[in-house]
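# Coordinate analysis (summary)
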Amino acid sequence: MEVVKIENITRVYKVGQIETHALRGVNLTIENGEFTALVGPSGSGKTTLLQMIGCLDQPSTGRVFVDGKDVTTLNRNQRADMRKGHIGFIFQFFALIPTLSAYENIEMPLLLNGHSPAERKARVEELLQAVDLADRANNRPDQLSGGQQQRVAIARALAPKPALILADEPTANLDTANGEQVMEIMTRLNKETGVTFVFATHDPRVIKYARRVVTLRDGLVVQA
Amino acid sequence: MIQIFKMAFRDLGRNRRRSFFSALAVAIGLALLMLMSSVIAGEMGSAIESAIRLSSGHIQIRAATYNENKSSLKWEDLVADPEKVASQIAAYSQVKAATPRLYASGFLSSGTQSAGARITGIDPLSPASDPYRAGLISGEYLSPDDHDSVLIGKPMAEKLNLSAGDKVSLSLNTADGNVQEQTFTVKGIYTTDTYGFDSATIFLPLAKAQALTQTENHASTIFVLLNDTSLTDLVVPALTVPANLQIKTWRELNALFVEWETMAQSYIGIFYMIILAITASVIINTLIMSVYERTREIGILSAIGMRGSRILGLFLAESSLLAVGGVIMGLLLGVLAIYLFNINGFYIGNMGLTGILVTDTIRAKLTLDNTINVTVMTFIVTILSGLVPAITASRLEPVAALRAEK
Ligand SMILES: Nc1ncnc2c1ncn2[C@@H]1O[C@H](COP(=O)(O)OP(=O)(O)OP(=O)(O)O)[C@@H](O)[C@H]1O
Ligand SMILES: [Mg+2]
């Protein structure tokens, strides 16, 4: 079954008089359980495409279906709800809430989804185990290394059991060892839980983990 | 909900200095409002009350032709058989005291010094005369059958260099327009802490005043005190007096004062607004700053599915925590400020507000009503100020927020 279906989307950014065609008619289908790299040179539209899939932004034209649902027709709140339950995000910067501990960061999407305290506790502990951070539960992000922070972000993305996790250059700010650890955890979770991963990257060491590579150039998919 | 407050609390803790100073701004605003409202309550409230107690009463019954400014002593301008009228009025249950008084103008002289005096004939035993008895600072109080005794105010005593027991010469107008002079003994010296009153008013027993002025069994007014000022409008319509008499209420008798008070109230309203506006702008600034600093974080919360309304809630939670902290500090500061203010009071002496009796030292009076009012006002203004940055935060587009400072 397909998790994402993209039909001929374009995205034009307008800054003053200048129009940038970030996406020029992208068609793409992503099946459940894929572990897919989105590659291409800087400015080719990788981030823009992830934002369309992730309901963070809307295409200028075309349609995006996530879990069978046309997300291009949703309003702000409906898109927020879509992100809350169906999509997990991992960003290049380690996007954690600085005032919350590792535990609380992971718990956040569960709170937003209205899980009971008992469910939350069980799930967070399970995830802390899965990313090998059980002993860091009470640390705040500034007390964690970059690799540890990114693992917390992975756990948080996974928490509400989304169909899809989108990662934008998840290893770009990590050294080789940490980058590989993050990729290995993602690979393992993909295998164990079946959750779909789509990640943007230029890093050949990351690309080698992918089971499918989609190449973008100048806002078009040149190879899928 | 609890989590929102937990986050808000920690967010405030992130920049403790800034949070502290914003709460302090709220606190100072509240403390100022408390001090102002207490000073006003202390001064205005008590000034009107003291004007009533000392000089106007709640109600006066006078001859229809009586002209206060002339202190006329012609029989047709006076109340005849005043004891009878007074006792009828005293029968009302809301009336605390109803007593005849006679006013005459004249002057006191001692040696080469002299001073204008408002001679007031009173029943020394009436409860309406209690404030003068209570204000006695030397000598003795009057008794109804004294023949050559006078009670004078402290400023008058100082001006004429008189002490209790000294002789003083009193000249005054009489009913037929002549001037009568007699030597009196200063029996006692009083103060009501109200310069405008004490410097001119001297007291004689009513009978003696009537004898001196040849007004025999007449009085300028029936001075009426009620159990409470608020009863005035209830009692007045119920009173029946002969057609040749008129009823005056404290509002008419203190018209200038009432007008002054109304004017002061509107100035005070403006002051309140200024203080609240300053408080609001500090809060808006702080929170706007913190919204901009946390743009990316807001983007993250939005990306993981937090709706705008919750983000709004998060920032409102911050402003309400600031409000709570500020209000608690403000209550403490306010009480302290009022306490310090009252150690010495604020001495204004004789401000020369003619026609208005003002006690010579202003003291702040903290009332529960005022405290609740200004606290609620401050609280609401603080939270409303938080609304501006909160709305800004809740409207951030996640993409824009995530791209920020990348
Ligand atoms: N908010 C925006 N406003 C204007 N132009 C934008 C905006 N976001 C992206 N662009 C432009 O759209 C094009 C695609 O950008 P995008 O970020 O998707 O590329 P990318 O493949 O992710 O690049 P990188 O590898 O550097 O992250 C670029 O030319 C970029 O400058
Ligand atoms: Mg990018």
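Provided above is the structure to which this section pertains.
Residues numbered from 1 in each chain as written. Chains lettered and ligands numbered in written order. Predicted model: local features only at pLDDT ≥ 70, side-chain atom pairs only at ≥ 80, totals over all residues. Heavy atoms only, no water.

## A few points about the overall build of chain B
What chain B contains, in helices and strands, is 14 helices and 14 strands. The globule rule puts the C-alpha radius of gyration for 406 residues at 22 Å, and the 31 Å found for chain B is more than 25% above it. Projected onto its principal axes, the C-alpha coordinates of chain B cover approximately 100 × 45 × 30 Å. Counting every position in chain B, which comprises 406 residues, the buried fraction comes to 51%. Contacts in chain B between residues far apart in sequence, at least 24 positions, make up 78% of those at least 6 positions apart. Element-wise, carbon and sulfur atoms account for 60% of the exposed surface of chain B, whose accessible area totals about 18,500 Å². (Helix = DSSP H or I, 4+ residues; strand = E, 2+ residues; numbered from the N terminus. Rg over C-alpha atoms; globule rule 2.2 N^0.38 Å. Buried < 20%, exposed > 50% of the residue type's maximum accessible area, 1.4 Å probe, protein only. Contact = heavy atoms within 4.5 Å. Areas by Shrake-Rupley, 256 points an atom, 1.4 Å probe, with all protein chains shown as cover.)

## Some points on unusual backbone geometry
You will see that Cys55 of chain A, though not glycine, has its phi angle at about 60°, which is positive. Structurally, Cys55 of chain A can be placed in the loop between helix 1 (46–53) and strand 4 (61–66). Even without being a glycine, Asp81 of chain B presents a positive backbone phi close to 50°. Tracing the backbone shows Asp81 of chain B in the loop between strand 2 (79–80) and helix 3 (82–90).

## Quick notes on the sheet that holds strand 6 (residues 87–90) of chain A
As a general point, the strands of a sheet are linked pairwise by backbone hydrogen bonds and lie either parallel or antiparallel. Residues and elements named next belong to chain A. Taking strand neighbours across the sheet as the criterion, the six strands line up as 6-7-8-3-9-10 in an open arrangement whose pairing is mixed. Each of the sheet's edge strands pairs with one partner strand only, and the pair in question is strand 6 and strand 10 (220–223). For this sheet, the mean inter-axis angle between neighbouring strands, taken without regard to orientation, is 25°. Two strands pair when backbone bridges link them, and strand 3 (residues 35–39) and strand 9 (residues 212–217) are joined in this way by four bridges, in the parallel orientation. (Pairing = 2+ DSSP bridges. Axes fitted to C-alpha atoms, helices over the stretch in contact; angles between N-to-C directions.)

## Looking at the site of ligand 1
The full set close to ligand 1 counts 15 residues, and Ser42, Gly43, Lys46, Thr47 and Thr48 of chain A are the nearest of them. One finds residues of chains A and B in close proximity to ligand 1. Separating an oxygen atom of ligand 1 from a backbone N or O atom of Gly43 of chain A is a distance of 2.8 Å. Within the contact set of ligand 1, an oxygen atom lies 2.7 Å away from a side-chain nitrogen or oxygen of Thr47 of chain A. Across the complex, the protein chains shield 71% of the 630 Å² of accessible surface that ligand 1 would expose by itself. The leading source of residues in the shell around ligand 1 is helix 1 of chain A, at three residues. Classifying every residue of the shell around ligand 1 gives four nonpolar, eight polar and three charged. (Near = heavy atom within 4 Å. Polar contact = N/O pair within 3.5 Å; in protein donor to acceptor, adjacent residues only side chain to side chain. Nonpolar A, V, L, I, M, F, W, Y, C, P; charged D, E, K, R; others polar.)

## A short note on the pairing of strand 7 (residues 167–173) of chain B
All names here are of chain B. Summarising burial for strand 7: five of the seven residues are buried, a large majority. Across four bridges, strand 3 (residues 95–110) lies against strand 7 in antiparallel orientation. Opposite Leu108, over in strand 7, you have Leu170 as the bridge partner. Relative to strand 8 (residues 179–190), strand 7 is paired through seven bridges, and the arrangement is antiparallel.

## Focus: the packing of helix 10 (residues 255–293) of chain B against helix 13 (residues 368–394) of chain B
Each pair of packed helices gets described by two things: the angle between the helix axes and the distance between those axes. Residues and elements named next belong to chain B. At a closest axis distance of 8 Å, the pairing of helix 10 and helix 13 adopts a crossing angle of 30°. As for the relative orientation of helix 10 and helix 13, their crossing is right-handed in sense. Residue-level inspection shows Tyr272, Leu276, Ala280, Ile283, Ile284, Leu287, Ile288, Val291 and Tyr292 of helix 10 in contact with helix 13, the latter providing Val374, Met377, Thr378, Val381, Thr382, Ser385, Gly386, Val388, Pro389, Thr392 and Ala393. Per-class residue counts for the contact of helix 10 with helix 13 are 15 nonpolar, five polar and no charged. (Left-handed = near helix turned anticlockwise from the far one by under 90°.)

## Structural notes on helix 13 of chain B
All names here are of chain B. Between its terminal C-alpha atoms helix 13 stretches 38 Å, which fits the 39 Å expected from 27 residues at 1.5 Å a residue. The sharpest bend along helix 13 measures roughly 30° and falls at Val388, with the proline Pro389 sitting one to four residues further on. Looking only at helix 13, the buried set comprises Asn370, Thr371, Val374, Thr375, Thr378, Thr382, Ser385, Gly386, Pro389, Ala390, Ala393 and Ser394. (Expected span 1.5 Å × (residues − 1). Bend = angle between axes of the 7 residues up to and from the residue.)

## Comments concerning the side chain of Thr185 of chain B
You can see Thr185 of chain B is positioned in strand 8. Ignoring anything within four residues of it in the chain, the contact list for Thr185 of chain B reads Asp148, Ser149, Val150, Gly165, Asp166 and Lys167 of chain B.

## A short note on the packing of helix 5 (residues 146–158) of chain A against helix 6 (residues 176–193) of chain A
All names here are of chain A. Interaxial distance between helix 5 and helix 6 falls to 9 Å at its minimum, and their mutual angle equals 20°. For the element pair helix 5 / helix 6, the angle class is roughly parallel. Remark: the crossing between helix 5 and helix 6 carries right-handed chirality. Two secondary-structure elements touch here, helix 5 through Gly147, Gln150, Arg151, Ile154 and Leu158 and helix 6 through Asn178, Gln181, Val182, Ile185, Met186 and Leu189. (Parallel < 35°, antiparallel > 145°, perpendicular 65-115°, else oblique.)

## Some points on the sheet that holds strand 4 of chain A
All names here are of chain A. Pairing within the open sheet is antiparallel, and its four strands lie in the order 2-1-4-5. The open sheet is flanked by strand 2 (18–31) and strand 5 (69–70), the only strands paired with a single partner. Alignment of strand 4 against strand 5, held across two bridges, turns out to be antiparallel. Looking across to strand 5, one finds that Val66 is bridged to Lys69. Across the sheet, helix 1 lies against strand 1 (2–15), strand 2 and strand 4, angled at about 120° from strand 1, the strand it touches most.

## Regarding the interface of chain A and chain B
If you look at the interface, chain A gives 31 residues, while chain B gives 27 residues. Between chain A and chain B the total buried area reaches about 2,600 Å² when both faces are included, carbon and sulfur atoms providing 59% of it. Between the two partners, chain A and chain B, sit four salt bridges. Ionic pairing is found between Arg76 of chain A and Glu397 of chain B, a salt bridge with its closest N-O pair at 3.0 Å. On inspection of chain A and its partner chain B, the count reaches eight residue pairs in polar contact (both at pLDDT 80 or more). Of all the secondary-structure elements, those providing two or more residues to the side of chain A that touches chain B are helix 1, helix 2 (76–86) and helix 3 (102–112) of chain A. Tallying contributions element by element places helix 2 of chain A first for the side of chain A that touches chain B, with six residues. The class makeup of the residues in the side of chain A that touches chain B is 15 nonpolar, six polar and 10 charged. (Buried area = accessible area lost by both parts, 1.4 Å probe. Salt bridge = Lys/Arg side-chain N within 4 Å of Asp/Glu carboxyl O.)

## Observations concerning the pattern of salt bridges
For the structure shown, the criterion picks out 25 salt bridges over all chains. Glu104 of chain A is paired through a salt bridge with Arg10 of chain B; the nearest N and O atoms lie 2.5 Å apart. Of this pair, Glu104 of chain A sits in helix 3 while Arg10 of chain B sits in helix 1 (residues 2–14), each in a different chain. When the shortest N-O distance is used, the salt bridge between Asp11 of chain B and Arg14 of chain B registers 2.5 Å. Of the two residues, Asp11 of chain B and Arg14 of chain B both sit in helix 1, three residues apart, roughly one turn of that helix. Taken together, the shared-partner salt bridges in this structure form one network comprising Asp11, Arg14, Arg294, Glu297 and Glu318 of chain B.

## Some points on the pairing of strand 6 (residues 149–153) of chain B
Residues and elements named next belong to chain B. Strand 6 sits mainly inside the fold: five of its five residues count as buried. Alternating positions in strand 6 separate into two faces, Ser149, Leu151 and Gly153 on one and Val150 and Ile152 on the other, with burial throughout. In terms of strand pairing, strand 6 meets strand 8 through five bridges, oriented parallel. Bridged to Leu151 within strand 8 is Gly188. Judged from the two bridges that link them, strand 6 and strand 9 (residues 201–205) form a sheet pairing that is antiparallel.

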